[in-house]
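# Survey of secondary and tertiary structure
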Amino acid sequence: MDKSIMTEKIIAAKESKELTWEAIASEVGVAPVYLASVCLGMNSIVPEKATILSDFLGLDDEVTKALSEFPPKIWDQTVATDPLIYRFYEIAGVYGESVRQVVQEEFGDGIMSAIDFKLDIEREEDPKGDRVKIILNGKFLPYKAW
């Protein structure tokens, strides 16, 4: 099954059951952002968790199989126009070099893994308006000299 068809079926089931990513993730036993990424076709999930997800949403075996297939991780390479997603481009453009320098001062010459990685989203209450707290947590990978 094509990942885009899989995603359509999952979103339709999610909406018809009026579920949140948080509720589905809790049932499956994974983080909400990771689960959403799996369901949107950008990651895969182990077959056991795929079965739990499909059973919970009432989806067929084709969807279950597609959830465990490795995705190509290809997306539209143009800059996103959705305002929330665009802000990540803006953050990387404005703060990217600063973050790189601070990380390298703290850890040395290397990068943060996007494979050995977690991402969490939290609401932080604020009297001036609630804030979105995004926590990126990746393993440090030092560059090797040889």
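Above this text is the structure in question.
In this convention, every chain numbers its residues from 1, walking through the sequence in written order. With pLDDT at 70 or above as the cut-off, local features in this predicted model cover only qualifying residues; side-chain atom pairs require 80 or more to be listed or tallied, and sums for whole chains, interfaces and linings still use all residues. The side-chain quantities take in all heavy atoms of the structure and omit both hydrogens and water.

## Some remarks on the overall build of the chain
Strands are runs of DSSP state E lasting at least two residues, helices are runs of H or I lasting at least four, and both sets are numbered from the N terminus onward. Looking only at helices and strands, the chain features six helices and two strands. When the helices and strands of the chain are listed from N to C terminus, the series reads α-α-α-α-α-α-β-β. Dimensions along the principal axes, computed over C-alpha positions, put the chain at roughly 50 × 50 × 30 Å. Here the chain holds 146 residues, and the buried ones make up 23% of them. The contact criterion used throughout is that any non-hydrogen atoms of two residues lie within 4.5 Å. Of the contacts made within the chain by residues no fewer than 6 positions apart, 52% connect residues no fewer than 24 positions apart. Put simply, the chain shows about 10900 Å² of open surface, and 57% of that area lies on carbon and sulfur atoms. Burial status follows relative accessibility: with a 1.4 Å probe on protein chains alone, a residue under 20% of its type maximum counts as buried, one over 50% as exposed, and anything between as partly exposed. Surface accessibility in these figures is a Shrake-Rupley result with a 1.4 Å probe; residues are shielded only by whichever protein chains are displayed.

## Considering helix 1 (residues 3-16)
Since the α-helix advances by 3.6 residues per turn, residues separated by three or four positions end up pointing in the same direction. Here a helix's expected span is defined as the number of its residues, less one, multiplied by 1.5 Å. Across its 14 residues, helix 1 extends 20 Å between first and last C-alpha, which sits within 8% of the 20 Å expected from 1.5 Å per residue. All of the buried residues in helix 1 are Lys3, Met6, Thr7, Ile10, Ala13 and Lys14. The arc that holds the buried residues of helix 1, viewed along the axis, is 135°, so those residues lie on one side. Opposite the packed face of helix 1, turned more than 90 degrees from it, sit the exposed residues Glu8, Glu15 and Ser16. Of the surrounding elements, those touching the buried residues of helix 1 are helix 2 (21-28), helix 3 (32-39), helix 4 (47-57) and helix 5 (61-68). The arc in question is the one spanned by the directions pointing from the helix axis to the C-beta atoms.

## Let's talk about unusual backbone geometry
For Glu18, which is not glycine, the phi torsion reads 50° and is therefore positive. Positionally, Glu18 belongs in the loop between helix 1 and helix 2. Phi at Lys73 is positive, roughly 55°, even though this residue is not glycine. Residue placement: Lys73 occurs in the loop between helix 5 and helix 6 (83-107). A residue is classified by how much of its surface remains accessible, and Lys73, at 43% relative accessible area, is partly exposed.

## Details of the packing of helix 2 against helix 4
Here an axis means a line fitted to C-alpha atoms, over the contact stretch when the element is a helix, while the angle between two N-to-C directions is reported on a 0 to 180 degree scale. Relative to each other, helix 2 and helix 4 sit at 130°, their axes nearing to 9 Å. One element, helix 2, and the other, helix 4, form an angle in the oblique class. Crossing of helix 2 against helix 4: the hand is right-handed. Of the residues in helix 4, those touching helix 2 at Ala23, Ile24, Glu27 and Val28 are Lys49, Ile52, Leu53, Phe56 and Leu57. Broken down by class, the residue content of the contact of helix 2 with helix 4 amounts to seven nonpolar, no polar and two charged. These descriptions rest on fixed angle ranges, namely under 35 degrees for roughly parallel, over 145 for roughly antiparallel, 65 to 115 for roughly perpendicular, and the rest for oblique. Here is the rule for handedness: rotate from the far helix to the near one, and if that takes an anticlockwise turn smaller than a right angle the crossing is left-handed, while a clockwise turn gives right-handed. Note on residue classes: Ala, Val, Leu, Ile, Met, Phe, Trp, Tyr, Cys and Pro are nonpolar, Asp, Glu, Lys and Arg are charged, and everything else, Gly too, is polar.

## Considerations on the packing of aromatic side chains
Aromatic ring pairs: the centre-centre distance and the angle between the two ring planes describe each pair. Aromatic contacts are taken between Phe, Tyr and Trp rings whose centres are within 6.5 Å, Trp giving its six-membered ring; a plane angle under 30 degrees counts as stacked, one over 60 as edge-to-face, and the others as tilted. Per the counting criterion, the structure on display carries one aromatic pair. Ring plane angle 25° and centroid distance 5.1 Å describe the contact between Phe107 and Phe140, whose orientation is recorded as stacked. Linking Phe107 in helix 6 with Phe140 in strand 2 (residues 131-142), this pair joins segments that are 33 residues apart in sequence. Here, a charge over a ring means that NZ of Lys or CZ of Arg falls within 6 Å of the ring centre while also lying within 35 degrees of the ring normal. Its end group placed over the ring of Trp21, Lys14 keeps NZ or CZ at 4.9 Å from the ring centre.

## A closer look at the pattern of salt bridges
Basic side-chain nitrogens of Lys or Arg form a salt bridge, by our definition, when they fall within 4 Å of a carboxyl oxygen of Asp or Glu. Enumeration over the complete set of coordinates arrives at five salt bridges. Arg87 serves as the salt-bridge partner of Glu90, at 3.3 Å between the closest nitrogen and oxygen. Of the two residues, Glu90 and Arg87 both sit in helix 6, three residues apart, roughly one turn of that helix. Classification of Arg87 as partly exposed rests on a relative accessible area of 42%.

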